[in-house]
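Read off the chains here:
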Amino acid sequence: MSERFIEKKEGYKVAVVGATGAVGQTMLEILAERKFPIAELILVASSRSAGSVVAYKGKDYVVQDLETFDPKGVDIALFSAGGDTSKTHAPRFAEAGCYVVDNSSAWRMDEAIALVVPEVNPEALEMARENKIIANPNCSTIQMVVALKPLHDAVPIERVVVSTYQAVSGAGGKAMDELAKQTAQLLNAQSVDVNVFPARIAFNVIPHIDVFMDDGYTKEERKMMDETCKIMGSDIALTATAVRVPVFYGHSESINITFDGPMNAEKARELLANFDGVCVVDDPACEDYPMATEAAGTDPVWVGRIRDDHSCPNSLHLWVVADNVRKGAALNAVQIAEILIR
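Predicted model only: the values in this text are computed from it and were never measured.

**Concerning the nonpolar core**
Soluble, globular proteins show a tendency: their nonpolar side chains are buried together. In this structure, F93, V160, I255, I257, V303 and L318 are the most contacted members of the largest nonpolar core, which totals 57 residues. Apart from the residues within four sequence positions on either side, I257 is in contact with L148, L151, I157, R159, V160, N314, S315, L316 and L318. Ranked by size, the runner-up nonpolar core spans 40 residues in total, among them A19, V63, A333 and V334.

**As for the packing of helix α4 (residues 139-154) against helix α7 (residues 265-273)**
It is the contact of α4 with α7, at a shortest axis distance of 9 Å, that shows an interaxial angle of 120°. Relative to α7, α4 is oriented oblique. The interaxial crossing formed by α4 with α7 has right-handed handedness. Contacts between α4 and α7 pair A147, P150, L151 and A154 from the former with A268, L271 and L272 from the latter. Among the residues making up the contact of α4 with α7, the classes are represented as 7 nonpolar, no polar and no charged.

**Looking at the layout of surface pockets**
What the largest pocket holds in volume is close to 1000 Å³. Surrounding the largest pocket, 37 residues form its lining, N103, S169, G170, A171 and G172 being those nearest its centre. Secondary-structure elements contributing two or more residues to the lining of the largest pocket are α1 (22-33), α5 (173-187), α6 (219-232) and α9 (326-340). Considering every element that reaches the lining of the largest pocket, the biggest residue donor is α1, with 3 residues. Taken together, the residues of the lining of the largest pocket break down into 14 nonpolar, 18 polar and 5 charged. Taken as a whole, the second largest pocket holds about 300 Å³ of empty space. Per-class residue counts for the lining of the second largest pocket are 3 nonpolar, 9 polar and 3 charged.

**Considerations on the sheet that holds strand β15 (residues 315-322)**
Judged by pairing direction, the sheet is mixed, and its 6 strands sit side by side in the order β11-β10-β12-β15-β14-β13 without closing on themselves. Two strands close off the open sheet at either side, each with one partner strand: β11 (237-244) and β13 (278-280). In this sheet, adjacent strand axes meet at a mean angle of 20° when their direction is disregarded. Here α4 sits on the sheet and contacts β10 (157-166), β11, β12 (251-259), β13, β14 (301-308) and β15; the angle it forms with β12, its principal contact strand, is near 35°. With respect to the sheet, α7 is in contact with β13, β14 and β15, its orientation differing from that of β14 by roughly 165°.

Definitions and cut-offs
Residues numbered from 1 in each chain as written. Predicted model: local features only at pLDDT ≥ 70, side-chain atom pairs only at ≥ 80, totals over all residues. Heavy atoms only, no water. Core = buried A, V, L, I, M, F, W, Y, C linked by side-chain atoms within 4.5 Å. Buried < 20%, exposed > 50% of the residue type's maximum accessible area, 1.4 Å probe, protein only. Contact = heavy atoms within 4.5 Å. Axes fitted to C-alpha atoms, helices over the stretch in contact; angles between N-to-C directions. Helix = DSSP H or I, 4+ residues; strand = E, 2+ residues; numbered from the N terminus. Parallel < 35°, antiparallel > 145°, perpendicular 65-115°, else oblique. Left-handed = near helix turned anticlockwise from the far one by under 90°. Nonpolar A, V, L, I, M, F, W, Y, C, P; charged D, E, K, R; others polar. 1 Å grid on protein atoms, 1.4 Å probe; cavity = no way out; pocket = protein on both sides within 12 Å on 5 of 7 lines; lining within 4 Å. Points joined across faces, edges and corners; volume = space filled by probe spheres on them. Pairing = 2+ DSSP bridges.

See below:
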């Protein structure tokens, strides 16, 4: 980075927008865990949640109404309040001189907005000096590009085929409630209520996340395809199938990669093991590999089942798992904030 984004202070004025939601709550946990230097914390949410009380490091904070909140003087705002809200209010915060790290899809593919995964493309933050808005990528994209980055740096990637196995927490609190309720209903031989998902999620997998587009892909799949090229700065050919599975936390991905030169599993394992943000768990003899239940509540991107693809030259397979609410959302945003004050 050529110079500091925010002048050095002992502490910073930080706003968490969407503070009462699952990602907002996790942002607060991570800010505390990583000892982010906060001089003044402001919690903001929609009028529905304004007035509620949220605890942070043993102190109670009253949530303020986003519609009437004045962002003047705020150094950094972490947004997790939905795309429409971000489109309306992120520019208002930015005009007041505040850096906005937005977790929605509102700004991701805007050519003027930085789309950042700190381990992968921190240099993209330079774009934010002008408009002060930074986009957090889609959760499934984040964990994939962290795993792709060290491999792509060693030997350029030509093509990726990814299938995701995404936890219901990615669809929000009501989705988690539906999984829990349906599981109880089925175990008690009761009829199942289906409201959030297009089909029963308990004891099922649904190959449908977000709306279908004209070409047969879903919007979730298109996000992964488009965002990966923007983040990696490369025209990688990528095709995706996004699937919802009956897991509460932790997205899993089966990734097949083709390189434009020699790459093998042994070399890939070494590159991944030495890359910041990645933990390799790959010992088939001991049946040791990453799983969503173990990744939940942790920060790294976990990689295993690293093996050569014997059907195609210069190709290999990875199994990649991460906590979708932490690295897939809240942690990535806080890591960006840490760079802004560095």
